[in-house]
Amino acid sequence: MRPAVLNIILGLLMLALFVASMAVGPAELDISESVRGLFAGGGEAAGIIMREIRLPRALLGLGIGFTLGISGAVLQGFLRNPLAEPGIIGVSAMAAFGAVLIFYSGLAGSTLYALPAGALLGAVVAVLLLLALAARSGSTLTLILAGVALSSLSAALTSLVLNLSPNPFASYEIIFWLLGSLKDRSMEHVWLALPLMAAGWLLIALSGRAIDALSLGEEAAASLGIHMKRTRLLIVMGTALGVGAATAVAGTIGFVGLVVPHLIRPLTNRLPSRLLLPAGLGGAVLLLAADVAVRLVLPTGELNVGVLTALIGAPFFLWLVVRSRREVFYAA
Amino acid sequence: MRLEVENLDVALSGRQVLRGIAMALAAGEVVGLLGPNGAGKSTLMRALAGLVAASGRMRLDGEDLPSLSPAARARLLAYLPQARIVGWRLSVRDLVRLGRLPWRRFGVSPTEADEKIVEDALALMDIAGLAGRPATELSGGEQARVLIARAVAQATPALIADEPASGLDPAHQIMMMQALRRLAEEGRTILVSLHDLTLAARWCDRVVMLKEGQVAAEGSPGEVMTPERLADIYGVTAHFARDKEGLILAPTGLTIAR
Amino acid sequence: MKTGKRGVRRALGKATICLMTLALSSAPVLAQAPARVMSLNLCTDQLAMALAAPGQLSSISFLSRDPSLSAMHEEAETYRVNHGRAEEVFLENPDLVVTGTYSLHNTTGLLKRLGFRVEEFSFIQTVETIPDDIRRMGALLGQAARAEAMAKDFEAELSRIESRQCGKQPTAIAFEQGGVAAGSGTLADSALAAAGFRNLAAEAGIAGMAPMPIELIVPQKPDVIITRAGEEDQPSLGAKVPYHPALRALEGTRIGPFVPRGTWSCGGPFTMEAVRALASLREEIAPCGETR
């Protein structure tokens with residue numbers, strides 16, 4: 001499929017789901033009320049609901065989904081492994097731990113800014129650790145194993161911090177951090193996270209040529225003029241910024257970065273740089289769809305969105321492992 | 001372009017792999033790099049490609065190679081690694097087109113000129129018919145030709161290839177050497193490492209023989225590839241023959257000293 | 001109607017207490033006040049501290065020292081604390097253990113099997129059950145007279161406050177920890193009702209403590225949103241829920257910790273402070289126009 005066509009189709013799908021996300025919620029608003037509420041000013045209930053509750057939720061679903069999709073695509077291109085994604089290499093988990101550490105300990109007061117500050121700190125530490133490891137070994141396997149270890153360690157530390165926090169009820173919030181949710185997010189969260197995520201997208205886009213060259217392996221890529229150190233920095237900072245910001249406001253949402261690039265790759269010519277934009281759009285589509293579903297599937301209340309992405313993603317991951325002859329990087 | 005190496009030393013993991021390497025390649029030459037496994041051929045090529053740290057001097061047309069940025073070096077010197085990696089089920093044409101990366105500005109699509117160079121490279125390596133197929137579905141030998149085509153498409157004055165002929169069938173081995181000769185006639189400087197002694201003898205203008213990290217011999221095939229040399233460097237006995245094209249060398253057995 | 005229902009309930013409650021006291025007093029072993037009492041539960045701590053004789057209360061739960069949870073956190077500093085564990089009870093060897101029905105039921109079962117006397121208080125408390133709980137704790141501790149006086153004071157002030165209600169009833173929602181709303185059957189709900197508020201969470205069908213979607217709160221434009229006091233140095237995501245921009249955008253809605261901290265985490269004599277605070281808030285928002 002031609003890239004422009006693919007991107008337009010995904011873009012339209014994304015817009016449709018964005019609108020659908022705005023139309024779903026416990027308050028039953030008909031279409032005219034919703035539209036009027038969205039664009040009118042003032043203190044009308046419909047307007048407040050649309051502008052302060054549903055709009056931020058839809059924007060975050062779009063932005064976070066895009067971030068997770070594009071981060072998964074760039075990591076798979078860089079690590080030359082179709083099983084890589086930000087959750088697996090431990091960036092999401094460390095970001096959650098960082099956010100929890102800074103916020104619940106009261107070190108930064110209880111301002112909302114503590115969250116992305118902590119999350120970025122956690123993501124950067126994860127990244128530095130992984131860079132140090134990659135410099136020593138260079139092997140993809142080592143990187144992924146380190147990520148698995150980092151994820152487990154971070155989850156344990158997150159539970160520990162929540163248990164020890166001054167607020168006796170903080171440990172109940174672990175569900176949010178481990179399974180993610182977009183419930184009742186506000187425009188404050190949007191302004192907090194979206195600029196950081198956009199910066200991440202930019203850095204990732206700049207690494208496009210490098211990940212194409214890496215299709216030939218690291219040595220050939222270096223001989224084609226790719227600065228391996230600079231590329232590593234771009235990719236790692238790009239994913240840290242994006243995934244860190246996303247985790248800070250929505251908790252850990254997994255598997256989007258794994259499933260989406262894999263589904264979309266056969267529709268492209270498989271050049272890693274060509275996959276970046278459609279994977280981002282596809283990620284937005286997936287997350288918006290999941291976020292709509294979690295609000296519809298229960299009669300009252302809603303599921304954590306990470307539950308749904310895990311329900312889709314984990315079996316998919318198993319299927320990938322079993323059918324490992326498909327979509328491998330290198331067929332010997 | 002003239003490729004000059006002086007006093008090149010490379011140490012890896014504390015072990016001295018190359019010692020005092022010196023050689024000079026002129027434009028329009030195909031130079032064969034020979035030597036047993038572990039002699040340091042790949043390391044020498046990696047050093048020229050800037051992939052391992054080396055002390056000593058490496059100059060291309062007078063320019064000091066290590067001081068060039070990777071992008072600038074990529075326009076002067078194409079490197080074909082020994083390991084054959086083709087990723088992601090990319091099509092043959094897309095893979096070969098990757099060779100144009102050093103010449104393309106960021107975000108700009110390949111131009112008509114780029115496409116022409118890619119087509120020429122495909123034709124040169126006799127894979128034009130495979131252009132649309134996923135490279136991962138091809139045989140090992142076909143994949144090897146795809147990767148050479150990528151290096152050819154890079155259109156650099158110098159081309160360094162690490163054992164490009166291994167795994168190719170006899171016809172395609174000869175076609176590959178013919179292609180390299182043609183590139184040399186266009187003015188490129190070619191350094192190719194080979195294990196097939198006959199190929200080296202018949203197709204290279206000069207050969208450089210490495211033994212244990214040092215240059216053991218250097219000169220035209222006729223001068224250098226003597227039975228004594230072969231016994232000394234490879235530890236083999238060989239049957240020598242000649243036809244009007246050149247030498248024919250067939251290793252026949254191991255020397256008694258082994 | 002309300003008075004009638006409560007009156008019947010109170011009567012029933014009193015009857016039960018009488019029967020219980022008869023039953024208990026017929027057993028000679030339990031006639032004397034227990035010399036050592038251990039309280040394992042935040043709410044039983046409060047009642048025990050209010051009624052126990054000096055030296056009678058051997059230890060209370062550590063949660064009572066948390067100012068955001070315990071109205072009597074200062075008194076709690078003067079007592080030893082326990083963490084509700086069976087070994088601690090075993091070592092202290094009290095004559096009576098008081099705890100809640102919901103907390104640590106494994107521990108409770110174990111203690112009973114070990115032969116300790118364990119009295120459990122229901123975790124479902126309302127302003128109506130508080131006097132009965134006070135009386136029961138008094139009976140258990142051998143402080144029946146003090147308990148009776150305390151309970152009577154509570155009942156008297158409660159009926160005074162209730163009688164000051166008029167037709168105007170402002171609407172309210174009370175948020176507890178974790179961003180959940182207090183629905184029907186909770187202590188907060190009964191306090192709101194006593195002070196003359198309509199609890200929107202209860203009216204929306206929420207029973208107990210459960211999350212209430214903000215989208216359902218916005219159209220109702222509550223007059224008051226009550227948050228948990230004392231959470232400034234205890235950050236949590238749940239604490240931010242009442243301050244969501246969508247709620248802040250509602251004109252005429254007051255958001256704040258209007259109830260003194262710890263006064264309605266548990267039911268006790270101090271809960272009257274909560275009802276008082278709510279009553280004066282109600283008079284501010286929707287004055288009845290009658291003088292006291």
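Preceding this section is the structure that the text describes.
Residues numbered from 1 in each chain as written. Chains lettered and ligands numbered in written order. Predicted model: local features only at pLDDT ≥ 70, side-chain atom pairs only at ≥ 80, totals over all residues.

### Description of the sheet that holds strand β5 (residues 63–64) of chain B
Residue and element names in this part refer to chain B. Spelled out, the test is: Any two strands with at least two DSSP bridges between them are considered paired. In this description a helix means any DSSP run of H or I spanning at least four residues, a strand means any run of E spanning at least two, and both kinds are numbered starting from the N terminus.
Judged by pairing direction, the sheet is antiparallel, and its four strands sit side by side in the order β2-β1-β4-β5 without closing on themselves. This sheet does not close on itself; its edge strands, each paired only once, are β2 (15–25) and β5. Two strands pair when backbone bridges link them, and strand β1 (residues 3–12) and strand β4 (residues 55–60) are joined in this way by five bridges, in the antiparallel orientation. Across the sheet, the residue bridging to leucine 3 is leucine 60, located in β4.

### Quick word on the nonpolar core
This is how the line gets drawn: By convention the nonpolar core is taken to be a set of buried residues drawn from Ala, Val, Leu, Ile, Met, Phe, Trp, Tyr and Cys and joined through C-beta atoms within 7 Å. Counting other C-beta atoms within 10 Å of each residue's C-beta, where C-beta atoms are placed from the backbone, gives the exposure class: buried for 20 or more, exposed for 12 or fewer, partly exposed between. Marked domain ranges trace back to an automatic or database domain assignment. Any pair of residues counts as being in contact when their C-beta atoms, constructed from backbone geometry, are within 7 Å of one another.
Within the largest apolar cluster, 268 residues are counted, with the highest numbers of intra-cluster contacts made by Ala149 and Ile160 of chain B together with Ala191 of chain C. The dominant element in this core, judged by the number of residues it contributes, is helix α3 (residues 45–79) of chain A, at 20 residues. Lining this core are residues from two domains, each supplying at least three of them: domain 1 (2–123) and domain 2 (167–286) of chain C. Beyond its immediate sequence surroundings of up to four residues, alanine 149 of chain B is in contact with Val96, Ala121, Leu122, Leu124, Met125 and Ile127 of chain B.

### Considerations on the interface of chain A and chain B
Spelled out, the test is: Under this grouping Gly is polar, as are all residues other than the nonpolar Ala, Val, Leu, Ile, Met, Phe, Trp, Tyr, Cys and Pro and the charged Asp, Glu, Lys and Arg.
Listed per partner, the contact involves 22 residues of chain A and 23 residues of chain B. Looking at the side of chain A that touches chain B, the elements that each hand over two or more residues are α9 (208–213) and α10 (218–223) of chain A. Taken together, the residues that form the side of chain A that touches chain B break down as eleven nonpolar, six polar and five charged.

### Observations concerning the arrangement of the chains
The top pair by number of contacts, from a total of two pairs of chains in contact, is chains A and C. Structurally, chain B and chain C remain out of contact, their C-alpha atoms never closer than 41 Å.

### Observations regarding the pairing of strand β7 (residues 158–162) of chain B
Residue and element names in this part refer to chain B. Counted only if it meets this: Whether a crossover is right-handed depends on one test, that the path from the first strand over the helix to the second runs clockwise when the strands point away from the viewer.
The element β7 is extensively covered by neighbouring structure, given that five of its five residues are classed as buried. Where burial is concerned, the two faces of β7 agree: the one with Ala158, Ile160 and Asp162 and the one with Leu159 and Ala161 are both buried. Here strand β6 (residues 77–80) pairs with β7 via four bridges, running parallel. The residue of β7 that forms the bridge with leucine 80 is alanine 161. Summarising the sheet, β7 and strand β8 (residues 189–193) pair through five bridges and their orientation is parallel. Looking across to β8, one finds that aspartate 162 is bridged to serine 193. Since β7 and β8 lie parallel, the crossover through helix α6 (residues 170–185) that links them has a hand, and here it is right-handed.

### Side note on the sheet that holds strand β10 (residues 214–219) of chain B
Residue and element names in this part refer to chain B. The test is simple: Working convention: axes come from line fits to C-alpha atoms, limited for helices to the stretch in contact. Angles between N-to-C directions cover 0 to 180 degrees.
A sheet is described by the order of its strands in space; here six strands give the open sequence β6-β7-β8-β3-β9-β10, paired in mixed fashion. The strands lining the two open edges of the sheet, one partner per strand, are β6 and β10. When the angles between neighbouring strand axes are averaged without regard to direction, this sheet yields 15°. In the packing of helix α1 (residues 41–49) onto the sheet, contacts are made with β3 (30–34), β6, β7, β8 and β9 (206–211), and the angle to β7 comes to roughly 150°.

### A few points about the interface of chain A and chain C
Interface extent is often summarised as the accessible area lost during association of the parts. Across the boundary between the two partners, chain A contributes 26 residues, which contact 24 residues of chain C. Going through the elements one at a time, α3, α4 (91–104) and α8 (187–206) of chain A are the ones with two or more residues in the side of chain A that touches chain C. The element that contributes the greatest number of residues to the side of chain A that touches chain C is α3 of chain A, accounting for five residues. A breakdown of the residues in the side of chain A that touches chain C according to their chemical character gives 15 nonpolar, seven polar and four charged.

### Some words on the packing of helix α6 (residues 130–141) of chain C against helix α7 (residues 144–163) of chain C
Residue and element names in this part refer to chain C. As a reminder, the rule being used: Every angle not falling under 35 degrees, over 145, or within 65 to 115 is termed oblique; those three ranges are roughly parallel, roughly antiparallel and roughly perpendicular.
Here α6 crosses α7 at 170°, and the two axes come no closer than 8 Å. In this view, α6 runs roughly antiparallel relative to α7, as classed from their interaxial angle. Contacts between α6 and α7 pair Ile130, Pro131, Ile134, Arg135, Met137, Gly138 and Ala139 from the former with Ala144, Arg146, Ala147, Glu148, Met150, Ala151, Phe154 and Glu155 from the latter. For the contact of α6 with α7, the per-class residue count stands at ten nonpolar, one polar and four charged.

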